[in-house]
Amino acid sequence: MPKPLLVTPITEERLVRILWDDDRVDDYPFDYLRGWCPCAVCQGHGGERRFVRVENPQLVSIGMVGNYALNPRWSDGHETGIYTFEYLRMLGEQRESHDQDQVKG
Ligand SMILES: [Zn+2]
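In what follows, the accompanying structure is described. Counting of residues starts from 1 at the beginning of each chain's written sequence and follows it residue by residue. Owing to the predicted nature of the model, reporting of local features is limited to residues with pLDDT of at least 70; listing and counting of side-chain atom pairs is limited to 80 or more, with chain, interface and lining totals taken over all residues.

Structural notes on the sheet that holds strand 2 (residues 15-20)
Let me state the cut-off plainly: We treat two strands as partners when DSSP finds at least two bridges between them. Runs of E in the DSSP output that reach at least two residues are strands. Runs of H or I that reach at least four are helices, and both are numbered from the N terminus. For helices, the axis comes from a line fit to the C-alpha atoms of the stretch in contact; other axes are also lines fit to C-alpha atoms, and the angle between any two N-to-C directions lies between 0 and 180 degrees.
Taken together, three strands build an open sheet; the order of strands is 1-2-3 and the sheet is antiparallel. Both outer strands of the open sheet, strand 1 (4-10) and strand 3 (25-29), are each paired with one neighbouring strand and no more. For this sheet, the mean inter-axis angle between neighbouring strands, taken without regard to orientation, is 15°. Note: strand 1 against strand 2, six bridges, orientation antiparallel. When the sheet's bridge partners are listed, P9 is paired in strand 2 with V16.

Some thoughts on the nonpolar core
Here is the rule: To count as a nonpolar core, a set of buried Ala, Val, Leu, Ile, Met, Phe, Trp, Tyr and Cys residues must be joined through C-beta atoms within 7 Å. Counting other C-beta atoms within 10 Å of a residue's own tells you its class, since 20 or more makes it buried, 12 or fewer makes it exposed, and anything in between is partly exposed; those C-beta atoms are placed from the backbone. The contact criterion used is a C-beta to C-beta distance within 7 Å, with each C-beta placed from the backbone.
Ranked by size, the top nonpolar core spans eleven residues in total: V16, I18, Y28, F30, Y32, L33, W36, C37, L70, Y83 and L88. Counting residues per element, the ones that place at least two in this core are strand 2 and helix 1 (30-35). For this core, the element with the highest residue contribution is helix 1, accounting for three residues. W36 has contacts with F51 and L91, leaving out every residue within four places of it along the chain.

Here's what the structure looks like:
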């Protein structure tokens, strides 16, 4: 399983850039990352994973959880999302393979 080597929030571009240990680079716009928050508050119980639109989310900080996940903290105080590396990787690949306009809405 690939792991992030470097996690860089780029505030001016409103995205988080992840350099993976297999040399892949993924950009995660704040809206995209926040929208796919995997926590129970955002996702509810069961069913398909859903995108939760948040108006103009700002990243306050992003920390490591153990050696398996990242935990972003948002300007509205939301910080319950634990994004496993596997999930992040999936989000990166999903973003790459989809029309990005679909995500921006
Ligand atoms: Zn959440």
